[in-house]
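Residues per chain are reported as follows:
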Protein chains: 2
Amino acid sequence: MNEQSIPYSPEQYRTPDGAPTDIVVFTITSTQKAGIKKSLPIRSLEVMLIKRKKWPYEGKWALPGGFTLETETVQQCAQRELMEETGVSGLHLEQFNVYSSPGRDPRGWMISHAFFALVQETYVASRRTSDEAADVRLIPVEEALSMELAFDHRDIISDALDKIRLRMMTSTIAKEFLPERFTMSELYQVIQAVVPSFQERNFIRKITSTQSRKGIIEEMRDSKGQLLMSNQYSQRPAQLYRFTDYTPELSIYG
Amino acid sequence: MNEQSIPYSPEQYRTPDGAPTDIVVFTITSTQKAGIKKSLPIRSLEVMLIKRKKWPYEGKWALPGGFTLETETVQQCAQRELMEETGVSGLHLEQFNVYSSPGRDPRGWMISHAFFALVQETYVASRRTSDEAADVRLIPVEEALSMELAFDHRDIISDALDKIRLRMMTSTIAKEFLPERFTMSELYQVIQAVVPSFQERNFIRKITSTQSRKGIIEEMRDSKGQLLMSNQYSQRPAQLYRFTDYTPELSIYG
DNA sequence: AAAATAGTGTCTGTTAGACATTATAAA
DNA sequence: TTTATAATGTCTAACAGACACTATTTT
């Protein structure tokens, strides 16, 4: 390959100083109310932040993330950096936006690719500090949004929150926050933890017996055909369900 | 700034060779049936492609696009490159995916940011060739998907099509393809041009008199309060409507 | 009169939404 | 026996979906 046959050459242009990724890991923590044994827990939507060890924004809270290598996709980078910085791996990451305002990163010209993941609390139980992170913590989202974070990470978390709220109502991502088997109350609580305005008085009935929607979840039975129940959160046992692979197609036109 | 106080330095790492953008401009062309004067046109969803002048993929059809400058966002880059390569400007562009597979671009390590736009045919009437483009043409999407295109542009168009099909059903982007005033048939045809499987026998009634949906569009009246009508496409005049700013919130849970 | 598109009537079964009521087991 | 959560009953108005039918203008 010589200069004449190849009109393009990176040397002649200013190129980016890096292609970082930032990962917004959401989880829902459950806290049992004190003094009451069988009751619904308080559920809180939290985001995983790290305390930076290095310049820039040393000592500030930030999203985990790091620089993409030439040999990987941005998706693979996000997986790798999450593992390296926090010890958490195997999450389902979804890319949702790109941040490219000039000057957003004091290290140079950086175009950042933002991902989000929704996980059960147990998936981030293995979190640990690292070379990059002096601390790794779950912070309630509303609190995180009021903190002074590194870079434009406050905006990124805010955008991610908008996105997962939309997705929570229009897809079955609620399953990412739930165990394989769950009760209607657990599902209802999870939706409310993400979308506080959500309210549906006839929730159980709509999701179980409405023709166009009942395919979303299915009841669970044991080998004898008996309905599986749980009384983990209630006096009266509640029926257990699981998500199917079906997601209804929504339309504003009918 | 010296090396000791700044642990990060782009010089020590391999950095990307560029941050290109690719723009998928969709339009719907209207063709009047021959011999019939007042009839609904045949509408075809088409995508704007350019014929490349330079290496790589010289002479191949490709999406318009180009390299981001240090002084702009990827969004601004997409606007600028679209103008430079095709003469088209002022479109509403939406970023929908990132393409970063190693080896996807023979010029080097390129992480590409893909945008789509939906526009009326008149908006791309000003298209013209340029230094980069030997030809600029509208190609029917199905045909474009069967062509041998430059880079991974076939995948990008395919992903963009999936995205706008979803958005067509769940938002009011149909308005991007339509004039300010339109008839129910025009709206119906536009939806069908994007989502061929769309069928709704009681379309007019649902969108005009269903309580939860009627805020999407509103009927148009002249200064005397008379309903505005059009007989552009029909013997019997059809009522004219316009979109409002309202989009219903969809939910799979009720 | 025929053609082409616009728009309404009417029917049945389903769903939304509100709220009262009953059920089950633990504390 | 009270408490906390689970689940059903009941009612009305709105809506979905199917299809027949009427309306308005040009050719």
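Residues numbered from 1 in each chain as written. Chains lettered and ligands numbered in written order. Predicted model: local features only at pLDDT ≥ 70, side-chain atom pairs only at ≥ 80, totals over all residues. Heavy atoms only, no water.

A. Broad picture of empty space enclosed by the protein. Per the stated rule, a full pass over the model turns up 1 cavity of 30 Å³ or more. Along its surface, the largest cavity is lined by Pro16(A), Gly18(A), Ala19(A), Ile111(A), His113(A), Pro16(B), Gly18(B), Ala19(B), Ile111(B) and His113(B). Taken together, the residues that form the lining of the largest cavity break down as 6 nonpolar, 4 polar and no charged. (1 Å grid on protein atoms, 1.4 Å probe; cavity = no way out; pocket = protein on both sides within 12 Å on 5 of 7 lines; lining within 4 Å. Points joined across faces, edges and corners; volume = space filled by probe spheres on them. Nonpolar A, V, L, I, M, F, W, Y, C, P; charged D, E, K, R; others polar.)

B. Region of interest: the relation of the copies chain A and chain B. Superposing chain A onto chain B requires a rotation of 180° together with a translation of 0.0 Å along the rotation axis, leaving an RMSD of 0.0 Å. Here the symmetry operator amounts to a two-fold rotation axis. The rotation axis passes nearest to the C-alpha of Pro16(A) in chain A, at a distance of 3.0 Å. In this assembly, 100% of the residues forming the interface of chain A have copies in chain B that are likewise at the interface, indicating an isologous arrangement. (Least-squares fit on C-alpha atoms with pLDDT ≥ 70 in both. Contact = heavy atoms within 4.5 Å.)

C. Quick peek at the protein's contact with DNA strand C. The full set close to DNA strand C counts 24 residues, and Gln211(A), Arg213(A), Ser185(B), Arg205(B) and Arg236(B) are the nearest of them. In the interface set of DNA strand C, defined as its atoms within 4 Å of the protein, sugar plus phosphate atoms amount to 63%. Within the contact set of DNA strand C, a phosphate oxygen lies 2.3 Å away from a side-chain nitrogen or oxygen of Ser185(B). Elements represented by at least two residues in the surface near DNA strand C include exactly α6 (203-209) of chain A together with β10 (238-239) of chain B. (Near = heavy atom within 4 Å. Polar contact = N/O pair within 3.5 Å; in protein donor to acceptor, adjacent residues only side chain to side chain. Helix = DSSP H or I, 4+ residues; strand = E, 2+ residues; numbered from the N terminus.)

D. Layout of the protein's contact with DNA strand D. Around DNA strand D there are 25 residues in total, and Ser185(A), Arg205(A), Arg236(A), Gln211(B) and Arg213(B) lie nearest to it. Atoms of DNA strand D within 4 Å of the protein: sugar and phosphate make up 63%, bases the balance. The backbone of Gln239(A) places a nitrogen or oxygen atom 2.7 Å from a phosphate oxygen of DNA strand D. At 2.9 Å, a side-chain N or O of Lys206(B) approaches a phosphate oxygen of DNA strand D. Among the secondary structure elements, those contributing two or more residues to the surface near DNA strand D are α6 and β11 (238-243) of chain A together with α6 (203-209) of chain B.

E. Structural context of the domain arrangement of chain A. Residues and elements named next belong to chain A. The assigned domain composition of chain A is domain 1 (20-170) and domain 2 (173-243). Counting from both sides, the interface comprises 18 residues of domain 1 and, opposite them, 21 residues of domain 2. Taking both sides of the interface into account, the surface hidden between domain 1 and domain 2 amounts to around 2000 Å²; carbon and sulfur atoms contribute 67%. When the area that domain 1 buries against domain 2 is broken down by residue, the three leading residues are Lys38, Arg43 and Met168, summing to 35%. Inspection of the region where domain 1 meets domain 2 yields 1 salt bridge. Salt-bridge contacts for arginine 43 lead to glutamate 186; the nearest nitrogen and oxygen are separated by 3.9 Å. Inspection of the domain 1/domain 2 interface yields 4 residue pairs in polar contact (both at pLDDT 80 or more). Broken down by element, the side of domain 1 that touches domain 2 gets its largest block of residues, 5 residues, from helix α3 (residues 153-170). Looking at the side of domain 1 that touches domain 2 residue by residue, the classes come out as 10 nonpolar, 4 polar and 4 charged. (Domains from an automatic or database assignment. Buried area = accessible area lost by both parts, 1.4 Å probe. Salt bridge = Lys/Arg side-chain N within 4 Å of Asp/Glu carboxyl O.)

F. Summary view of helix α1 (residues 74-86) of chain A. If you check α1(A), its first and last C-alpha atoms are 18 Å apart, about what 13 residues at 1.5 Å a residue would give, namely 18 Å. As for α1(A), its buried residues are in contact with β1 (20-31), β2 (42-52), β4 (65-67), β6 (112-120) and β7 (133-140) of chain A together with β5 (94-99) of chain B. Remark: Gly87(A) follows α1(A) within two positions and exhibits a positive phi of approximately 80°. (Expected span 1.5 Å × (residues − 1).)

G. Structural detail: the interface of chain A and chain B. Listed as interface residues are 53 residues of chain A and, on the opposing side, 53 residues of chain B. Both faces combined, the contact of chain A with chain B buries some 4400 Å², and carbon together with sulfur accounts for 66% of it. Linking chain A to chain B there are 2 salt bridges. Taking the shortest distance from any N to any O, the salt bridge between Arg14(B) and Glu70(A) comes out at 3.0 Å. Summed over the shared surface of chain A and chain B, the result is 9 residue pairs in polar contact (both at pLDDT 80 or more). Among the secondary structure elements, those contributing two or more residues to the side of chain A that touches chain B are β5 (94-99), α3, α5 (184-194) and α6 of chain A. Looking at the side of chain A that touches chain B residue by residue, the class counts come to 29 nonpolar, 16 polar and 8 charged.

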